[in-house]
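# Results of the structural survey
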Amino acid sequence: MKAKGSCLCGKIQITIKEIDAHITVCHCQMCQKFHGGPMIALAPCRRDQVVFEDEQMRWYASSAWAQRGFCGQCGSSICYFAKETNHYYFAAGLFPDLSEAKLTEEIFTKDQPSYLHFAEQTIRWPGLAE
Ligand SMILES: [Zn+2]
Ligand SMILES: [Zn+2]
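Notes on the structure follow.

Cut-offs used in this document
- Residues numbered from 1 in each chain as written.
- Chains lettered and ligands numbered in written order.
- Predicted model: local features only at pLDDT ≥ 70, side-chain atom pairs only at ≥ 80, totals over all residues.
- Heavy atoms only, no water.
- Phe/Tyr/Trp six-rings, centres within 6.5 Å; stacked < 30°, edge-to-face > 60°.
- Buried < 20%, exposed > 50% of the residue type's maximum accessible area, 1.4 Å probe, protein only.
- Donors = N, O, S within 2.8 Å, 3.2 Å for Na, K, Ca; no water.
- Core = buried A, V, L, I, M, F, W, Y, C linked by side-chain atoms within 4.5 Å.
- Helix = DSSP H or I, 4+ residues; strand = E, 2+ residues; numbered from the N terminus.
- Contact = heavy atoms within 4.5 Å.
- Pairing = 2+ DSSP bridges.

## Remarks on the packing of aromatic side chains
Each aromatic ring pair is specified by the distance between its two centres and by the angle formed by the two planes. One pass over the full model with this rule turns up seven aromatic pairs. For the pair F81 and Y88, a centre-to-centre distance of 4.8 Å together with 50 degrees between the ring planes defines the contact as tilted. The exposure classification of F81 matches that of Y88, with both residues buried. Every member of this aromatic cluster is reached through a ring pair, and the members are F52, W59, F81, Y88, F90 and F95.

## What to know about the coordination of the zinc ion (ligand 2)
In an ideal tetrahedron of four donors about a metal, each angle is 109.5 degrees. In an ideal octahedron of six donors, the angles are 90 or 180 degrees. Coordination of the zinc ion (ligand 2) by the protein comes from C26 (SG), C28 (SG) and C31 (SG), over a distance range of 2.1 to 2.3 Å. We note that the donor set of the zinc ion (ligand 2) lies within a single chain, spaced as C-x1-C-x2-C. The residues C26 and C31 share a single accessibility class, namely buried.

## With respect to the nonpolar core
Judged by nonpolar contacts, the single largest core of 36 residues is most densely connected at I14, I16, L42, I78, F90, F95 and L98. Mapped onto this core, the elements with two or more residues apiece are β2 (13-16), β3 (22-26), β4 (39-42), β6 (50-53), β8 (66-71), β9 (77-82), β10 (87-90) and β11 (102-107). Of the residues forming this core, the biggest block, five residues, is contributed by β9. Once you skip the residues sitting within four places of it in the chain, I16 turns out to touch M1, K2, A3, L42, C45, Q49, F90 and F95.

## Observations concerning the pairing of β10
With burial as the criterion, only one face of β10 is covered, namely that bearing Y88 and F90; the residues H87 and Y89 on the opposite face remain uncovered. Where strand β5 (residues 45-46) meets β10, two bridges bridge the pair, whose relative direction is antiparallel. Each residue of the ladder has a partner; that of C45, found in β10, is Y88. In the sheet, β9 pairs with β10 via four bridges, with the strands oriented antiparallel. Its bridge partner lying in β10, Y80 is registered against Y89. The turn linking β9 back onto β10 is made up of four residues, and N86 within it adopts a positive phi angle of 60 degrees.

## So, the sheet that holds β11
On the basis of which strands lie adjacent, the open sheet formed by four strands has the order β4-β3-β11-β12 and mixed pairing. The open sheet terminates on both sides in strands that have one partner only, identified here as β4 and β12 (123-124). In the sheet, β3 pairs with β4 via four bridges, with the strands oriented antiparallel. Bridging from a neighbouring strand, I23 pairs with L42 of β4.

## With respect to the coordination of the zinc ion (ligand 1)
Each protein donor to the zinc ion (ligand 1) is listed here as C7 (SG), C9 (SG), C71 (SG) and C74 (SG); together their distances run 2.3 Å. Site description for the zinc ion (ligand 1): donor spacing in sequence, C-x1-C-x61-C-x2-C. Note that C9 is positioned in the loop between β1 (3-6) and β2 and C74 in the loop between β8 and β9, a separation of 65 residues in sequence. With a relative accessible area of 33%, C9 lands in the partly exposed category.

Don't take any of this as a statement about function, it's just geometry.
If you want it as structure tokens, here you go:
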């Protein structure tokens, strides 16, 4: 599946050449702070699968192993980038047409707020997926 997305103001344009249609929700506290709720993430994609118009992209080093990208103009939360594997995890909400995608997995459910539940039957991991 090919996916095209953008931030709220449109300065950041993202094209993913081929994406796996599985969506993972991350409930960790850093994702909650960065996204204002859980991160609803597309499956990881390699750097060479992504075409970016990203002159407004700003980065925040959220840990020793990852950085998080956001738009310098409109502030949209864009992605998590894992430095060791060179993988992007994009916020699904940036991509308007993900009709083939399915929510299959939730991670860091130990940090899931008590008011929030998804109806899908998912594989649930208290921390990272194993
Ligand atoms: Zn923007
Ligand atoms: Zn997270």
